[in-house]
Amino acid sequence: MYRLVFLGPPGAGKGTQAARLAGDLGVPHLSTGELLRAAVAAGTPLGVEADRFMRGGHLVPDDLVVRILAERLARGDTARGFILDGFPRTRAQAEALARITAIDRVLDFDIPETLLLERLTERRSCPKCGTVYNLKTRPPRADSVCDRDGGPLTQRSDDRPEAVRTRFAAYRELTVPLTEYYRAQGILERIDATGPPEAVEERLRRTVTSVPGEGL
Ligand code: AP5
């Protein structure tokens, strides 16, 4: 089973790597950020509530996020496991997750904050298919247009420098303590998240495939 959690600061590359690995592992990539942005775009009551927090870079209240994640996990496509990207982010979320499912590994993306601001401010994504680009490190072939479907690329509202600072502060205060929580359970693995995406992917694969009997 690959019941994996990707932990790490905003912009560390969790979503990029989860998208690369999920298909090979045969597991869904479950991003609470994406689930919440879909609810915001659909204008559901939960989306309207979540948007008030997300825009400024604040965490969405635990009960809302746990509800949306529990509903997604119940969909029944997790027989081989899952990659949780951006969940849990607080001790209360980690404890709620433990009541729902066991976790095999927590991959902690380790990268200095100084390298992340540019990654975030240069990020663009396709609202139609979700492909993530970076104007510096992974630019689209044509200016501001998705390679896959030709749609216009957009910038996330929380990738403005002020919201990014709030996200880093929330990460340091509420999410960093989870490393101790999972280290105490013996399932935390540190991943060097510096360097090009291919190098990070190689390190991740090596770690994930070191699960006894679970080769890619
Ligand atoms: P979420 O969507 O989870 O955002 P995040 O955790 O801040 O992470 P990001 O998506 O910004 O970064 P990433 O690590 O996935 O990096 P990426 O691969 O995109 O959450 C957004 C908001 O939703 C939160 O602030 C909160 O409001 C709410 N929320 C979500 N989950 C919640 C929860 N559990 N509880 C409460 N609230 C919650 O890469 C970033 C950029 O860098 C891209 O442009 C990419 O192309 C580029 N890049 C990636 N890897 C590399 C590399 N190796 N080298 C160079 N560039 C790279």
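None of the values given here were measured: they were computed from a predicted structure.

(A) Looking closely at the site of the ligand. In the vicinity of the ligand lie 34 residues, with Thr16, His58, Arg89, Arg123 and Arg167 positioned nearest. His58 places a polar main-chain atom, nitrogen or oxygen, 2.7 Å from an oxygen atom of the ligand. At a separation of 2.9 Å, an oxygen atom of the ligand approaches a polar backbone atom of Tyr133. Isolated, the ligand exposes 1000 Å² of accessible area, and the fraction of that covered by the protein chains is 96%. If you list the elements that add at least two residues to the shell around the ligand, you get helix H1 (14–25), helix H2 (32–42), helix H6 (116–121) and strand S6 (132–134). When residues of the shell around the ligand are assigned to their parent elements, the largest contribution, 4 residues, is made by H2. In terms of residue class, the shell around the ligand is built from 14 nonpolar, 12 polar and 8 charged.

(B) Examining the nonpolar core more closely. Grouped together as the largest cluster of nonpolar side chains are 28 residues, with contacts concentrated most on Leu84, Leu97, Ile103, Val106 and Tyr182. Of all the elements in the fold, those that place two or more residues in this core are strand S1 (2–7), H2, helix H3 (45–54), helix H4 (62–73), strand S3 (81–85), helix H5 (91–100) and helix H8 (177–183). Counting residues per element, this core draws most heavily on H4, at 6 residues. Excluding residues that lie within four positions of it along the chain, Leu84 makes contacts with Leu4, Val5, Phe6, Leu30, Leu69, Leu97 and Ile103. Core analysis: the second largest hydrophobic core is formed by 22 residues, Leu4, Ile83, Leu120 and Ile191 among them.

Conventions used here
Residues numbered from 1 in each chain as written. Predicted model: local features only at pLDDT ≥ 70, side-chain atom pairs only at ≥ 80, totals over all residues. Heavy atoms only, no water. Near = heavy atom within 4 Å. Polar contact = N/O pair within 3.5 Å; in protein donor to acceptor, adjacent residues only side chain to side chain. Areas by Shrake-Rupley, 256 points an atom, 1.4 Å probe, with all protein chains shown as cover. Helix = DSSP H or I, 4+ residues; strand = E, 2+ residues; numbered from the N terminus. Nonpolar A, V, L, I, M, F, W, Y, C, P; charged D, E, K, R; others polar. Core = buried A, V, L, I, M, F, W, Y, C linked by side-chain atoms within 4.5 Å. Buried < 20%, exposed > 50% of the residue type's maximum accessible area, 1.4 Å probe, protein only. Contact = heavy atoms within 4.5 Å.

Such coordinate-based values are descriptive only and should not be taken to indicate function.
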